[in-house]
Structure formats: C-alpha cells, structure tokens
Amino acid sequence: MEEQGTITRTKAEAFSAGTLEDLRTAIRGTLIQPGDAGYEQARKVWNGMIDRRPRLIVQCAGTADVISALEFARAHDLVIAVRGGGHNIAGSALCDDGLVIDLSRMRTVRVDPVNKRAYVDPGALLGDVDNETQAFGLATALGINSTTGVAGLTLGGGFGWTSRKLGMTVDNLISADVVTSDGRLVKANAQENPDLFWAIRGGGGNFGIVTNFEFQLHVLGPTVTAGMIVFAMEEATAVFSKLRDHAEGMPDEMAVWAVLRKAPPLPFLAEQYHGRDILVLPFFHSGDPVDARKQLEVVKAFGHPWAVHVEAMPFTAWQKILDPLLAPGARNYWKSHNFATLSDELIAAILHHAAALPSPHTEIAIAMLGGQVSRVAPDATAYSNRGNKFLMNVHGRWETTEEDDKCTAWARSLFTATAPYSTGGVYVNFITEDEHDRVRAAYRPEVWKRLTEVKRKWDPENIFRTNQNIPPAV
C-alpha cells in the first residue's frame with residue numbers, strides 16, 4: 001500500500017498489452033513507457049534535481065486525450081501528475097510509478113485583438129503568448145522567463161515586470177476550461193462555477209486540469225524602456241535603502257527589481273568586473289519614454305554604476321533577457337519570503353549571505369510588487385497575499401551533485417536569517433519539494449479554509465495531489 005494525500009491506494013495491477021493498446025488507440029497523442037526511445041527526454045524537466053520515473057506518459061494532443069488519460073489512470077489506480085511547461089521548482093510535472101498527463105504539445109495561442117482577448121492552451125510558454133499578443137501591441141501580465149509554462153504560472157498566481165500596472169496573472173484570467181477529477185469538461189468563470197474559478201486563480205493544480213485559458217489583454221509595447229544597471233556589491237546597502245525609499249512613489253508602469261550575484265560575462269560590462277560580486281537593478285518602464293528616462297536618472301543616482309545598459313527595446317526581447325541564466329538542466333533549489341518592506345536589518349542579513357555565494361550561478365532576487373497587485377481585495381482570488389511589496393527568491397543554482405549539500409545549506413541559512421523580517425507568507429510557485437509544510441503559508445487562513453471546501457466539492461478523493469497540495473476539507 002502507499003499513502004498519498006488523504007486517501008490510500010493499492011498498487012496498480014500489471015497492464016496487459018491489450019490494455020495499453022486500448023489507451024494508445026483512444027488518444028491522438030503519444031503514449032510513452034520506460035524503455036521507449038523518447039522516455040528519457042519526456043521525463044526531463046527544467047530543474048535538473050528532479051529525477052522521477054513515471055510508469056506512463058501521455059503526451060496529449062487535445063482535451064479528449066486529457067480525459068482519456070485521466071479515466072485510464074483512475075481505472076487503474078495510478079497516481080496522476082500533470083505537466084504544462086515543466087518549469088515548477090518542485091518538479092510537480094512528474095511522479096514516480098504513476099501516469100503523467102503531459103500537456104506540453106498543446107501550445108496554440110489565439111488572439112482576438114478587437115475584444116482584447118487571448119485564448120491559450122495549457123502547454124503554451126510565456127514566449128508563445130508574447131509572440132502572438134505583441135503582434136497587435138497587446139499583452140497580459142505574465143512572468144520573466146520566456147520558457148516558463150503559462151499554466152503553472154497562472155494557477156499559482158503569476159507575477160512579472162508588468163504586474164504593478166496590470167496586476168497578477170490571475171487578475172487577468174477571464175475564463176478557463178477545466179477537466180474535473182471525474183472526467184467532465186466544465187467552464188469556470190465569474191458566472192459559471194464561480195467557486196472553481198476563484199480557486200484556480202492561485203490555488204494551483206488542485207482542482208482540475210485546465211485545457212484552455214482566456215486572458216484579458218491590454219495595450220502595451222511593442223517597445224518598452226528596459227535594461228540593467230550594475231553596481232558594485234560594496235554599494236549595495238546604500239542602493240537598497242534608496243530603492244526602498246523610492247519605491248513608494250514609483251509609477252505603476254515601472255518596476256525595479258534587485259539581483260545579487262557574481263557578474264556573468266555581460267557584453268556591456270567591462271571584462272575586469274566579470275566574476276565580481278555585483279548588485280544588478282533590472283529596470284523596466286512600459287509608459288512614456290520621456291518619463292522613463294527621468295526615472296532612469298533617479299535610479300542611476302542610487303550609487304555609482306559600473307555599467308548602465310537601458311534602452312528602448314521590443315517587449316518580447318526584454319521578456320527573454322534572463323533566459324540564458326535560466327536555461328533548463330541545471331540543479332536548482334529555492335527558498336522564498338514575502339516582505340512588506342526592506343528594513344535595514346533585513347538588508348544587512350541579505351548582504352551578509354550575498355558575500356558568500358556558493359556558486360557563480362546562484363543569485364538572490366528581490367521582486368518589486370505593489371501597484372495594482374495591492375489594490376485587489378485579498379479574498380477576490382485564491383492568491384491572497386496582496387500586501388507584499390517585495391518578494392525574495394533565494395535561487396540556488398549549480399551544476400554538479402557534489403555541490404548539492406553546500407548550496408542547499410547556504411540557501412536554508414539565508415532563509416532562516418531573513419525569516420524574522422518576513423510577513424510569514426510565501427508565493428506557492430516558489431515552494432520546493434521539501435517544503436510541503438509551507439503550503440498553508442501561501443494563503444490567508446480564511447482563504448485556506450475556503451480552498452479546502454472547494455477541493456472537497458471538486459476533487460473529494462484528492463486525485464490531483466502531486467502538487468503543492470490542498471487536501472479536501474474533512
């Protein structure tokens with residue numbers, strides 16, 4: 001027997017050749033098993049630390065395949081994992097000895113420029129959406145890495161460079177098609193199944209499999225003012241303090257994040273600084289270029305930059321700017337906190353650990369939220385931690401298994417040192433596979449209670465549980 005979530009299941013019986021052939025015949029997509037030529041590639045995800053061996057992988061070609069795969073898994077008592085872009089840090093796209101419903105081939109994005117809507121399949125990546133929407137000078141609130149999957153990003157809340165102006169990704173979700181745990185296809189929006197619609201906007205993949213997202217689009221781009229401002233680590237205390245003080249008066253069109261790391265060989269940074277400890281301020285402004293230049297001058301004056309590379313560029317180019325530093329295959333371990341402000345004590349704790357980065361690929365990233373994100377009522381969506389102005393992701397990243405202990409220990413140490421200054425909350429998409437006890441912290445207590453009740457209605461057996469799991473209310 002194996003214990004999974006709130007229910008106990010027996011191991012599935014061996015499949016006959018005929019049983020698997022029935023599944024293969026029922027789908028338009030591809031069925032993959034261990035030993036098949038594509039199996040090793042199909043079980044790879046973004047985080048190289050995830051090494052799981054599914055019993056079956058169904059690469060779906062459409063919603064009918066999703067339903068067939070779900071019905072097969074239920075009939076044979078198989079644990080189910082659902083894969084979108086495969087970017088989740090905890091590796092929720094995979095399971096051991098179960099069935100993976102792989103949506104990564106379902107990548108169609110259709111834009112209605114008149115009504116400003118985008119209809120997005122669950123395997124689509126951020127770059128797919130940006131490419132289609134920017135052809136019409138439109139955008140929705142997405143993340144910062146073009147290879148991130150839209151589905152996982154959205155279901156966890158979703159934030160990026162445009163969030164201060166456009167809100168969270170879930171604030172721009174109009175409707176969704178959802179395959180429920182009993183194999184039905186339903187619509188979830190403000191009028192139809194509103195409880196399900198509320199829950200999928202931040203509650204993760206706990207309530208069903210979304211097979212299409214409808215997003216609100218906004219006029220943005222195709223050109224923005226964006227780039228990097230690089231300071232020496234020695235100036236970080238002063239720069240952080242000025243960034244904190246300036247954040248309150250920033251226009252919503254603007255976001256300035258902070259990244260502490262060793263300098264990669266950036267083409268605009270003098271070679272003498274490569275490999276040095278640096279503080280990078282990624283600067284983004286989607287509004288009037290004249291105002292953007294004025295704001296840039298203010299931020300440059302936070303210190304004495306080693307390099308400034310900010311210019312007018314296509315929004316699609318900016319959305320890919322971090323892709324080389326976030327390529328798949330490396331070993332990744334994250335720890336995260338939410339902060340209402342950046343106190344002097346918090347800054348000191350962060351910089352103490354930044355002086356001992358365990359890998360040249362490791363970084364401490366601090367995102368700036370606020371703006372429209374904070375104006376939405378905390379109970380309007382399942383994503384409820386609306387009061388956080390800053391979000392820290394301790395992004396441990398390295399290349400070899402020999403570095404595992406050193407790098408994870410460093411990340412945990414920084415997490416512990418900064419905990420006293422946090423709000424106690426966490427962004428659910430940043431929770432690692434060893435932090436399932438933190439899932440409650442992603443939600444306000446009253447929101448957590450409501451989520452468990454919605455779970456009881458839509459997935460009473462906890463079929464969808466290989467995620468940051470919300471169990472059904474007892």
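Residues numbered from 1 in each chain as written. Predicted model: local features only at pLDDT ≥ 70, side-chain atom pairs only at ≥ 80, totals over all residues. Heavy atoms only, no water.

*Asks:* How do you make sense of the sheet that holds strand β11 (residues 185-189) when you look at a structure like this?
*Replies:* Sheet strands line up and pair through hydrogen bonds in the backbone, either parallel or antiparallel. Strand order in this open sheet of 5 strands is β7-β8-β12-β10-β11, and the pairing throughout is antiparallel. The open sheet has two edge strands, β7 (109-112) and β11, and neither has a second partner. On average, each strand axis in the sheet is inclined to that of its neighbour by 15 degrees, with strand direction left out of account. Here strand β10 (residues 173-179) pairs with strand β12 (residues 209-216) via 6 bridges, running antiparallel. From the neighbouring strand, Ala176 faces β12, where its bridge partner is Phe213. Taken strand by strand, helix α3 (residues 63-75) contacts β10, β11 and β12, and its axis lies near 45 degrees from that of β10. (Pairing = 2+ DSSP bridges. Helix = DSSP H or I, 4+ residues; strand = E, 2+ residues; numbered from the N terminus. Axes fitted to C-alpha atoms, helices over the stretch in contact; angles between N-to-C directions. Contact = heavy atoms within 4.5 Å.)

*Asks:* Looking at this structure, how should I read the packing of aromatic side chains?
*Replies:* Aromatic rings in a pair are described by how distant their centres are and how their planes are angled relative to each other. Tallying each qualifying case throughout the model produces 13 aromatic pairs. Aromatic pair Phe159 and Phe430: ring centres 6.0 Å apart, planes at 70 degrees, arrangement edge-to-face. Residue Phe159 is located in the loop between α5 (150-156) and α6 (163-166), and its partner Phe430 is located in the loop between α13 (404-418) and α14 (445-458); the two are separated by 271 residues in the primary sequence. For Phe159, a relative accessible area of 8% translates into the label buried. Here Phe430 falls in the buried class, since its relative accessible area comes to 13%. For the ring pair Tyr443 and Trp448, a centre distance of 6.2 Å and an interplane angle of 35 degrees mean the geometry is tilted. (Phe/Tyr/Trp six-rings, centres within 6.5 Å; stacked < 30°, edge-to-face > 60°. Buried < 20%, exposed > 50% of the residue type's maximum accessible area, 1.4 Å probe, protein only.)

*Asks:* I keep staring at the pairing of strand β8 (residues 117-120) and nothing clicks. Help me out?
*Replies:* Within a regular beta strand, the side chains point alternately toward one face of the sheet and then the other, so they alternate between its two faces. Pairing geometry for β7 and β8, over 4 bridges, is antiparallel. Looking at β8, one finds that Arg110 is bridged to Tyr119. Adjacent in sequence and paired antiparallel, β7 and β8 are bridged by 4 residues, among which Lys116 carries a positive phi angle near 55 degrees. One ladder, built from 4 bridges, connects β8 with β12; its direction is antiparallel. What sits directly across from Arg117, in β12, is Gln216.

*Asks:* Got a minute to help me understand the sheet that holds strand β4 (residues 56-59) in this structure?
*Replies:* Across the sheet, 4 strands lie side by side as β3-β4-β6-β5; this open sheet has mixed pairing. Each end of this open sheet is capped by a strand with a single partner; those strands are β3 (30-32) and β5 (80-83). Geometrically, the sheet is characterised by an average inter-axis angle of 20 degrees between neighbouring strands, direction not taken into account. When β3 meets β4, the two strands line up antiparallel, connected through 3 bridges. Opposite Ile32, over in β4, you have Ile57 as the bridge partner. Across the sheet, α3 is in contact with β4, β5 and β6 (99-102); its angle to β6 comes to roughly 170 degrees.

*Asks:* Teacher, can you tell me more about the nonpolar core here?
*Replies:* As a rule of thumb, soluble globular proteins bury nonpolar side chains together. Counting 119 residues, the largest nonpolar core has Ile200, Phe240 and Leu281 as its most contacted members. Residues Phe15, Leu31, Ile80 and Ile463 belong to the second largest nonpolar core, which totals 24 residues. (Core = buried A, V, L, I, M, F, W, Y, C linked by side-chain atoms within 4.5 Å.)

*Asks:* I tried to follow the packing of helix α1 (residues 17-26) against α3 on my own but got confused; where do I start?
*Replies:* The relative placement of two packed helices is expressed as an angle between their axes plus a distance between the axes. Where α1 meets α3, the closest approach of the two axes is 9 Å, and the angle between their N-to-C directions is 160 degrees. As the angle between them shows, α1 and α3 are arranged roughly antiparallel. α3 is crossed by α1, and the crossing has right-handed handedness. Contacts between α1 and α3 involve Thr19, Leu20, Leu23 and Ala26 from the former and Asp65, Ser68 and Phe72 from the latter. Taken together, the residues of the contact of α1 with α3 sort by class into 4 nonpolar, 2 polar and 1 charged. (Parallel < 35°, antiparallel > 145°, perpendicular 65-115°, else oblique. Left-handed = near helix turned anticlockwise from the far one by under 90°. Nonpolar A, V, L, I, M, F, W, Y, C, P; charged D, E, K, R; others polar.)

Note that all results are geometric; they support no functional claim without further evidence.
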